[in-house]
Amino acid sequence: MATQANAPMLLGRRGRLELDEVLAALIVDGRVAAEDAKLLRQKARPQRAVRNVIDLHPLVLIANAEVPDHAEPERPLSMERLTQWLAGKAGLDYLKIDPTKIDVAQVTQIVSQAYAQRHRILPVKVSAEAVTFASAEPFEVAWAKDLAPMLRRDIVRVVANPIDINRYLAQFYGVQRSVRMARDGAENSPAALFNFEQLVELGKGGELGADDRHVVNIVDWLLQYAFEQRASDIHLEPRREMGRVRFRIDGVLHGVFELPPAVQNAVTARIKILARMDVAERRRPQDGRIKTRSAGGREVELRISVMPTAFGEKVVMRIFDPDVVVRSYAELGFDAHEEQLWRALVERPHGVVLVTGPTGSGKTTTLYSTLKHLARPELNVCTIEDPIEMVAAELNQMQVQPAIDLDFAAGVRTLLRQDPDIIMVGEIRDLETAQMAVQAALTGHLLLSTLHTNDAPSAITRLLDLGVPHYLIQSTLAGVVAQRLLRVLCPHCKRETAPDLDVWQALTRGHAIALPPRVFAPVGCIECRHTGYRGRIAVYEMLNLSPALRALVGADFDCARLTRQAESEGMRPLRMAGASAVARGITALDEVLTVLPLAE
């Protein structure tokens, strides 16, 4: 016990940490074996001969060696585990840096980049009373004593991963410098064209070139930042005083950055150039696409939508990671029974199969993943889309072109002359497209498409409303799948909680699903940005049209009657799929009620 008590004295004797003293402290604490420490010292000796390299921080050297953690022998001493251990030794709080929670413009005004790099510190939070700094050198405190009287605020120190500190130091100060230089360039440039709601200040304002190197840096950083944070969408929203940048992560928007109006206009222009849009046209909505590469080397598709607003052009970039659309059916969220039903629908030689749900419910991912599975060398798989979401080498994809009267219906008519085996239509929007879809099915083709309806049976109502005769629906529609996306509980922090009987009975009303013995609730931790959720999974309502169901599709079609019949044949409604996900511990009851509210 005496040795354990003296362990902290081994650290930070010269201020900055050294490998030998960190290893000695880890040995004393029973986290590293003496033999492993000896081997690590020998391995690190040649690297330590190189000076001024951030990778030589003792924690980085130990983490890279993947030394077993003797407290938990089946797991290595990872960087985060080492950093948490160091924070405990220093008696400071541990912080996992979440860049989406940091006001970059504010923290980079506190100290200069040179000062922050010299002391390996990163300001992460600023208030009127205190400034919080993250450091990987908790025993080096001279800088804190110097800064407190200069800033006239308390200095709060936390311990963070040295790799994160070094990385975000470069990113935060780099992008803020680009923003400042771009803004200064705008103020010295000729007067710009303002939108009708923008406040004009005489003698100020100007317009940046989209090829300005600072603007290029901002756009590059923004895209890489979004890829790293697992964002599905990037929103650039102009405002009079300061434009906003927000990321949608796991279905929820997070504010991540602010840009001065002149800089945001230049960033928008740069994105429009990359997406091959008309940069001079600011009055009409435009669509485009960008193909780029993530830091990991993966090619990523971005679908760009620009629309005019009161303060300028709003940009939304939807990110399509190719890895996402090469998922197995299990990864999409199908259980064994649902996978069997889905395969039966999409592996048939002809018929119409529809996927329904609101925008952002994962229909595109389901269809592309399915087409990837179906596309074999002996099959001709063709698509008509508006726009083409993701370019896939296995598919023959055609883009809708309204300017030359190439709409969905004309596209399907063309594809029927292309000897197709499988056709995917981006969306059935009107009677002509629906008629061509039915025609394709009648002539022996399998056609996949989407509709916007709340559940699977409503798709038949929608087709009837469009004007498709009921007898053609009877003979061609093979099945309908409705889907929604539910956030998945973070496996690192979810906790068991008592199920609410009343809410459960309201959710499963009319269905005999027993109250599960336990359910889980979100908590929040560093792994999930303290949201309690990490990732999303789809739940499905699968309607396979049996002969009995086809008989109900008549001139006097009753959707409620068909729903009852389908449920008696085994169709599981979306709410029941959500309840099943709760019972299996995948998501929380509140999340299901948010996405699938109870009927009135």
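Residues numbered from 1 in each chain as written. Predicted model: local features only at pLDDT ≥ 70, side-chain atom pairs only at ≥ 80, totals over all residues. Heavy atoms only, no water.

Attention shifts here to the overall build of the protein chain. Secondary structure summary: the protein chain contains 23 helices and 21 strands in total. A sequence separation of at least 24 residues applies to 63% of the contacts in the protein chain between residues at least 6 apart. If you sum the accessible surface of the protein chain, you get close to 28,400 Å²; carbon and sulfur atoms cover 50% of it. (Helix = DSSP H or I, 4+ residues; strand = E, 2+ residues; numbered from the N terminus. Contact = heavy atoms within 4.5 Å. Areas by Shrake-Rupley, 256 points an atom, 1.4 Å probe, with all protein chains shown as cover.)

Taken in spatial order, the six strands line up as 9-8-7-12-11-10 in an open sheet, and their pairing is antiparallel. Two strands close off the open sheet at either side, each with one partner strand: strand 9 (252–259) and strand 10 (286–293). Each neighbouring strand pair of the sheet contributes to a mean axis angle of 20 degrees, computed without reference to strand direction. The pairing of strand 11 (residues 299–309) with strand 12 (residues 312–320) spans nine bridges and is classified as antiparallel. Opposite S305, over in strand 12, you have V316 as the bridge partner. (Pairing = 2+ DSSP bridges. Axes fitted to C-alpha atoms, helices over the stretch in contact; angles between N-to-C directions.)

Here the focus is helix 5 (residues 79–90). Helix length check: helix 5, at 12 residues, gives a terminal C-alpha distance of 16 Å against a target of 16 Å (1.5 Å per residue), a fit within 8%. With respect to burial, helix 5 is a largely interior element, nine of its 12 residues being buried. The first or second residue beyond helix 5 is G91, which carries a positive phi of 70 degrees. (Expected span 1.5 Å × (residues − 1). Buried < 20%, exposed > 50% of the residue type's maximum accessible area, 1.4 Å probe, protein only.)

All told, the structure shown has 30 salt bridges when counted by the stated rule. Here K89 and D29 are joined by a salt bridge, their closest N and O atoms 2.7 Å apart. In this pair, K89 sits in helix 5 while D29 sits in the loop between helix 2 (19–28) and helix 3 (34–48), placing the two residues 60 residues apart along the sequence. With relative accessibility at 15%, the residue K89 sits in the buried group. Across the salt bridge formed by E427 and R429, the nearest N and O atoms sit 3.3 Å from each other. Residue classification places E427 among the buried residues on the basis of a relative accessible area of 18%. A network of salt bridges, in which partner residues are shared, links R31, D69 and R81. (Salt bridge = Lys/Arg side-chain N within 4 Å of Asp/Glu carboxyl O.)

In the UniProt entry, the feature "domain: Bacterial type II secretion system protein E" (unreviewed entry) is given for residues 416–430. Counted over residues 416–430, helix gives 0% and strand 27%. Its end C-alpha atoms are 18 Å apart. (UniProt positions renumbered as here; feature names shortened; annotations may be inferred.)

This paragraph deals with the pairing of strand 18 (residues 477–489). In terms of burial, strand 18 is a largely internal element, 11 of the 13 residues being buried. The pairing of strand 18 with strand 21 (residues 533–544) spans 10 bridges and is classified as antiparallel. Along strand 21, the bridge assignment pairs R484 with V539.

Right, let's talk about the packing of helix 10 (residues 213–228) against helix 11 (residues 261–274) for a bit. It is at 9 Å that the axes of helix 10 and helix 11 come closest, and there the two elements cross at 75 degrees. One element, helix 10, and the other, helix 11, form an angle in the roughly perpendicular class. Packed against helix 10, whose contacting residues are V215, V216, I218 and V219, the element helix 11 presents V263, A266, V267, R270, I271 and L274 at the interface. Looking at the contact of helix 10 with helix 11, its residues break down into nine nonpolar, no polar and one charged. (Parallel < 35°, antiparallel > 145°, perpendicular 65-115°, else oblique. Nonpolar A, V, L, I, M, F, W, Y, C, P; charged D, E, K, R; others polar.)

Next up on the list: the state of the cysteines. Each disulfide is one covalent bond, formed between the sulfur atoms of two cysteines. The final tally for this structure, using the stated rule, is zero disulfides. We note that C490 lacks a disulfide partner, and the nearest cysteine sulfur, in C525, lies 3.7 Å from it. Among the residues examined, C490 registers a relative accessible area of 0% and is labelled buried. Not part of a disulfide, C525 finds its nearest cysteine sulfur in C493, a span of 3.7 Å. (Disulfide = S-S within 2.5 Å.)

Two faces make up the sheet, and in a regular strand the side chains alternate between them. Within strand 5 (residues 130–135), six of the six residues are buried, which leaves the element mostly enclosed by the surrounding structure. Alternating residues of strand 5 divide into A130, T132 and A134 and V131, F133 and S135, and every residue in both groups is buried. Two elements, strand 4 (residues 121–126) and strand 5, share five bridges in a ladder whose sense is antiparallel. Bridging across to strand 5, L122 finds its partner in A134. A loop of three residues connects strand 4 with strand 5, the two strands running antiparallel in sequence. With six bridges connecting them, strand 5 and strand 6 (residues 154–159) associate as parallel partners. What sits directly across from V131, in strand 6, is I155.

What follows deals with a positive patch on the surface. The grouping of R177, R180, R183 and R213 at the surface amounts to a positive patch. With three residues, the single largest contributor to the positive patch is helix 9 (residues 162–187). Among the secondary structure elements, R177 is positioned in helix 9. (Patch = residues over 30% accessible without salt bridge, like charges linked within 9 Å, V, L, I, M, F, W, Y side chains within 5 Å. Lys, Arg positive; Asp, Glu negative; His and termini not counted. Charge placed at Lys NZ, Arg CZ, Asp CG, Glu CD.)

We now examine the packing of helix 2 against helix 4 (residues 58–65). Running from N to C, helix 2 and helix 4 point in directions that differ by 60 degrees, and their axes come no closer than 9 Å. The angle between helix 2 and helix 4 falls in the class oblique. The handedness of the crossing between helix 2 and helix 4 comes out as right-handed. Of helix 4, the residues touching helix 2 (which contributes L19, V22, L23 and L26) are P58, L59, L61 and I62. Here the residues of the contact of helix 2 with helix 4 are counted per class, giving eight nonpolar, no polar and no charged. (Left-handed = near helix turned anticlockwise from the far one by under 90°.)

Let's shift gears to the sheet that holds strand 3 (residues 93–94). Pairing between the strands of a sheet is mediated by backbone hydrogen bonds and can be parallel or antiparallel. What the four strands build is an open sheet, ordered 3-6-5-4; its pairing is mixed. The sheet is open, and its two borders are formed by strand 3 and strand 4, each paired with just one other strand. Where helix 8 (residues 142–151) meets the sheet, it contacts strand 4, strand 5 and strand 6, and its direction lies at approximately 145 degrees from that of strand 6.

Right, let's talk about the nonpolar core for a bit. One broad rule of soluble globular proteins: the nonpolar side chains tend to lie buried together. By size, the foremost hydrophobic cluster in this structure holds 63 residues, and its most contacted members are F133, I234, F247 and I304. Residue contributions to this core peak at nine residues, all from helix 10. Once you skip the residues sitting within four places of it in the chain, I234 turns out to touch L222, L223, A226, V245, R246, F247, V315, V316, M317 and I319. One finds V412, A434, W504 and V592 within the second-largest nonpolar core, a separate group that totals 56 residues. (Core = buried A, V, L, I, M, F, W, Y, C linked by side-chain atoms within 4.5 Å.)

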